[in-house]
Amino acid sequence: FTRGWDGGTVIRDYYLDGEIFEVVGASSTSLSLSDPALLDFPLGYANQVIAWKPGRNSGLFGVHLVSGNQNSAGARGLYIYRNVDFAYDDIKTQWFETGIKDVASIRTNGGVSEHIGTVLAGGTNYGVQISDGSKHFKSRHVIANGCRHATAGGGSGFAIPMYARFDKVTATETKAENAID
């Protein structure tokens, strides 16, 4: 996807080198980050910096979400967007293109989630997708039935997801050769 992984060649020009950080302190002369930078960016190359104030310390537990359409292209069940310390457990999604999508978040802590895929041709759906710079994502157990991918990383190319851990993944009736991508 990026120059660092593909010998200096960018496969898709919309995939950029990028990493998100939680700022823990700032002054007029310094910036303190919660984690050291994993990617090496020369200062002259660091452009397109985006800042936002994330949601903090929230969660969702014991919810069953069902789409009204078995072909829900683009629909998301649980969309975790720009959050710090989000937690979830006992989540069930049915007929969404993406059951749980975590985007540009830090320290998402997932318990058990179960996902029933769509009936789209080619199975273009995901149980859990970690995207666009999310860091320190943990999941205890993902159960995916009829999904193209039980788990996947990627996104729009804003930044790469980092430090994802899945303790257990159960994938049945997958529609791709890579159930865990």
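Heads up: the structure comes first, above all this text.
What counts as what
- Residues numbered from 1 in each chain as written.
- Predicted model: local features only at pLDDT ≥ 70, side-chain atom pairs only at ≥ 80, totals over all residues.
- Heavy atoms only, no water.
- Helix = DSSP H or I, 4+ residues; strand = E, 2+ residues; numbered from the N terminus.
- Buried < 20%, exposed > 50% of the residue type's maximum accessible area, 1.4 Å probe, protein only.
- Polar contact = N/O pair within 3.5 Å; in protein donor to acceptor, adjacent residues only side chain to side chain.
- Contact = heavy atoms within 4.5 Å.
- Pairing = 2+ DSSP bridges.

It is worth spelling out the side chain of His141 at this point. Within the secondary structure layout, His141 lies in strand β11 (residues 135-145). On the basis of relative accessible area, His141 is assigned to the buried category, the value being 14%. Within the local environment of His141, its side chain forms a polar contact with the side chain of Thr170, the two groups lying 2.8 Å apart. Leaving out residues up to four positions away in the same chain, His141 has contacts with Gly111, Val112, Ser113, Lys168, Val169 and Thr170.

With that out of the way, let us pick up unusual backbone geometry. A positive phi angle is found at Trp95, which is not glycine, with a value near 70 degrees. One can find Trp95 in the loop between β7 (87-94) and β8 (96-103). You can call Trp95 partly exposed: its relative accessible area is 22%. Even without a glycine there, the phi angle at His136 is positive, about 60 degrees. Of note, His136 is situated in strand β11.

Right, let's get into the pairing of β8. The element β8 is largely enclosed, with a buried count of 8 among its 8 residues. Taken together, the 5 bridges between β8 and strand β10 (residues 126-131) define a ladder with parallel strand orientation. Of the residues in β10, the one forming a bridge with Thr98 is Tyr126.

By themselves these figures say nothing about function.
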